[in-house]
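Take a look at the letters that make up each chain.
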Amino acid sequence: MSNESPNVVNLREPVRKLLAEVEQMYGKEVRIQPFTPNNPDMRGLSDVAEDGTPVILLDNQLRAEKPEKTEKVIAHELLHLKLRARGFRTLFLRPPDERFNLPPVGYGVTRLNDAIHHWIFEPDMHALGVGFMEEAVTHVNNQFTGEGLPVFMEMSDSELGFVFFHFMVEIRREPQKLEPMFKWAQRSGRTAALRRAEAMYELVNRRNPASAEAQLSVMVECANILYAGELRFIHFETRQLQSGRHTRYHAGIFVSPFR
Ligand SMILES: [Zn+2]
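Residues numbered from 1 in each chain as written. Predicted model: local features only at pLDDT ≥ 70, side-chain atom pairs only at ≥ 80, totals over all residues.

Colleague: What am I meant to see in the overall build of the chain here?
Modeller: Of regular secondary structure, the chain possesses 10 helices and seven strands. Relative to its 259 residues, the chain shows a buried fraction of 35%. By sequence separation, contacts in the chain at least 24 residues apart represent 70% of the contacts at least 6 residues apart. (Helix = DSSP H or I, 4+ residues; strand = E, 2+ residues; numbered from the N terminus. Buried ≥ 20, exposed ≤ 12 C-beta atoms within 10 Å, placed from the backbone. Contact = placed C-beta atoms within 7 Å.)

Have a look at this one:
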């Protein structure tokens, strides 16, 4: 691992092993770069540079203020990189024709890829002792008390459905801890969004996507559940970007106005 200040990061043995595994898959050292996230919930990001170097962007503040969380974020991003090296795609959307005046596709679909990756590697994070649970349960307890976060009521069913889905993924080990979220959805009249999340969650569990191909078709079906009645995802294409001797895969999903 190349790092601007290597002493900041003390990785435990299992995480170090994961790092070595990822570096072997890419044939290059992982580069860790500090960055300033534009979203307060974002702690890290991963990408593959043009020359095939796997890169982890790590929140500046985190390293200074919460060094104990640094390992967790690194492990998380390493697992994303591992899936990527195995051919798992990154979702992007492409309208079939500019003339279509599409409703905004926000939050939900752009992060669907991330959420499905999380579903796939949740057992690995748990085994590494850096699981999602603790933080996600805190968020659920804070965000769904009383009237809930004001922003939730401004969200469409698709956006909110995605939020629900992501919590269901992260807290799947102890689903009873989702109770505040379910209760909030009931009392706030947002059960339509909840039903979308439940349908996506049921689909992902049933299909158990373990290959890149399976992940892509599950992603298309999830997008159709999430945007039911608004958008219809009809097709996807894949393209490969040669990056060093490695291949980066991206999934493009064509989107058409719902008919
Ligand atoms: Zn992630």
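Here the narrative resumes, following the displayed structure.
Colleague: Hey, could you run me through the environment of His 80 in this one?
Modeller: Here His 80 is to be found in helix H3 (residues 67-85). In this structure, His 80 is in contact with Ser 46 and His 117, ignoring residues within four places of it in sequence.

Colleague: Looking at this structure, how should I read the nonpolar core?
Modeller: Most often, soluble globular proteins keep nonpolar side chains buried together rather than apart. One finds Ile 116, Phe 164, Phe 165, Met 168 and Cys 222 to be the most contacted residues of the largest nonpolar core, which totals 52 residues. Elements with a contribution of two residues or more to this core: helix H1 (13-26), strand S4 (54-59), H3, helix H4 (107-127), helix H7 (157-170), helix H8 (179-187), helix H9 (191-207) and helix H10 (212-226). Examining the composition of this core, we find that eight residues originate from one element, H7, more than from any other. Counting contributing residues, this core receives three or more from each of domain 1 (6-85) and domain 2 (91-257). The contact partners of Met 168, leaving out residues within four places of it in the chain, are Leu 178, Ala 197 and Tyr 201. (Core = buried A, V, L, I, M, F, W, Y, C linked by C-beta atoms within 7 Å. Domains from an automatic or database assignment.)

Colleague: Looking at this model, I keep getting lost on H8. Mind explaining?
Modeller: Because each turn of an α-helix spans 3.6 residues, side chains separated by three or four positions end up pointing in the same direction. What H8 keeps buried is the set Met 181, Trp 184 and Ala 185. What you see down the axis of H8 is that its buried residues fit within an arc of 100°, all on one side. Structural note: H8 exposes Glu 179, Lys 183, Gln 186 and Arg 187 on the side pointing more than 90 degrees away from its buried face. The inward-facing, buried residues of H8 abut helix H5 (133-143), H7 and H9. (Arc of directions from axis to C-beta.)

Colleague: Would you mind going over the pairing of strand S3 (residues 44-48) with me for this structure?
Modeller: Working note: regular strand, side chains alternate between the two faces of the sheet. Side chains of S3 alternate between two faces, with Gly 44, Ser 46 and Val 48 buried and Leu 45 and Asp 47 left unburied. One ladder, built from five bridges, connects S3 with S4; its direction is antiparallel. Each residue of the ladder has a partner; that of Val 48, found in S4, is Pro 54. Count of turn residues in the S3/S4 antiparallel hairpin: five residues, of which Gly 52 carries a positive phi of about 90°. (Pairing = 2+ DSSP bridges.)

Colleague: Got a minute to help me understand the environment of Pro 34 in this structure?
Modeller: In this structure, Pro 34 sits in strand S2 (residues 31-35). The class of Pro 34 is partly exposed, set by 16 C-beta atoms lying within 10 Å. Residues Pro 34 and Ile 56 lie 22 residues apart in sequence; the distance between their C-alpha atoms is 8.4 Å.

Colleague: What should I look at first to understand the packing of H7 against H9 in this one?
Modeller: Packed helices, taken two at a time, are described by the angle between their axes plus the distance between the axes. Two numbers describe how H7 lies on H9: the axes approach to 8 Å, and their chain directions differ by 50°. In terms of their interaxial angle, H7 and H9 are classed as oblique. You can see that H7 and H9 cross each other, and the crossing is right-handed. Between H7, through Asp 157, Leu 160, Gly 161, Phe 164, Phe 165 and Met 168, and H9, the contact on the second element is made entirely by Ala 192, Ala 193, Leu 194, Arg 196, Ala 197, Met 200 and Tyr 201. Grouping the constituent residues of the contact of H7 with H9 by class yields 10 nonpolar, one polar and two charged. (Axes fitted to C-alpha atoms, helices over the stretch in contact; angles between N-to-C directions. Parallel < 35°, antiparallel > 145°, perpendicular 65-115°, else oblique. Left-handed = near helix turned anticlockwise from the far one by under 90°. Nonpolar A, V, L, I, M, F, W, Y, C, P; charged D, E, K, R; others polar.)

Colleague: Explanation requested: the confidence of the model for the chain in the structure shown.
Modeller: Summing up the model confidence of the chain, the mean pLDDT is 81 and the portion of residues at 70 or higher is 77%. Between the elements of the chain, mean pLDDT differs from a low of 42, seen in strand S7 (residues 246-257), to a high of 98, seen in H8. Low pLDDT (under 50) marks residues 95-100, which in the prediction has seven contacts with non-local residues, meaning those over four places away or in another chain. Overall, residues 254-259 carries pLDDT values under 50, and its contacts beyond four positions in sequence, including any with other chains, amount to 23 contacts. (pLDDT = per-residue confidence, 0-100.)

Colleague: Any chance you could explain unusual backbone geometry here in plain terms?
Modeller: Glycine aside, the phi torsion of most residues is negative, and most peptide linkages are trans. At Asn 208, a residue that is not glycine, the phi angle is positive and equals roughly 45°. Tracing the backbone through its elements, the reader meets Asn 208 in the loop between H9 and H10. Taking the C-beta count within 10 Å as the criterion, Asn 208 has 10 such neighbours and is therefore assigned exposed.

Colleague: Mind showing me how you'd approach the packing of H1 against H3 here?
Modeller: Running from N to C, H1 and H3 point in directions that differ by 30°, and their axes come no closer than 10 Å. As judged from the angle between their axes, H1 and H3 are roughly parallel. Note on packing geometry: the crossing formed by H1 with H3 is left-handed. Taken together, the residues of H3 that come into contact with H1 (itself represented by Val 15, Leu 18, Leu 19, Glu 21, Val 22, Met 25 and Tyr 26) are Glu 71, Ile 74, Ala 75, Leu 78, Leu 81, Lys 82 and Ala 85. Here the residues of the contact of H1 with H3 are counted per class, giving 11 nonpolar, no polar and three charged.

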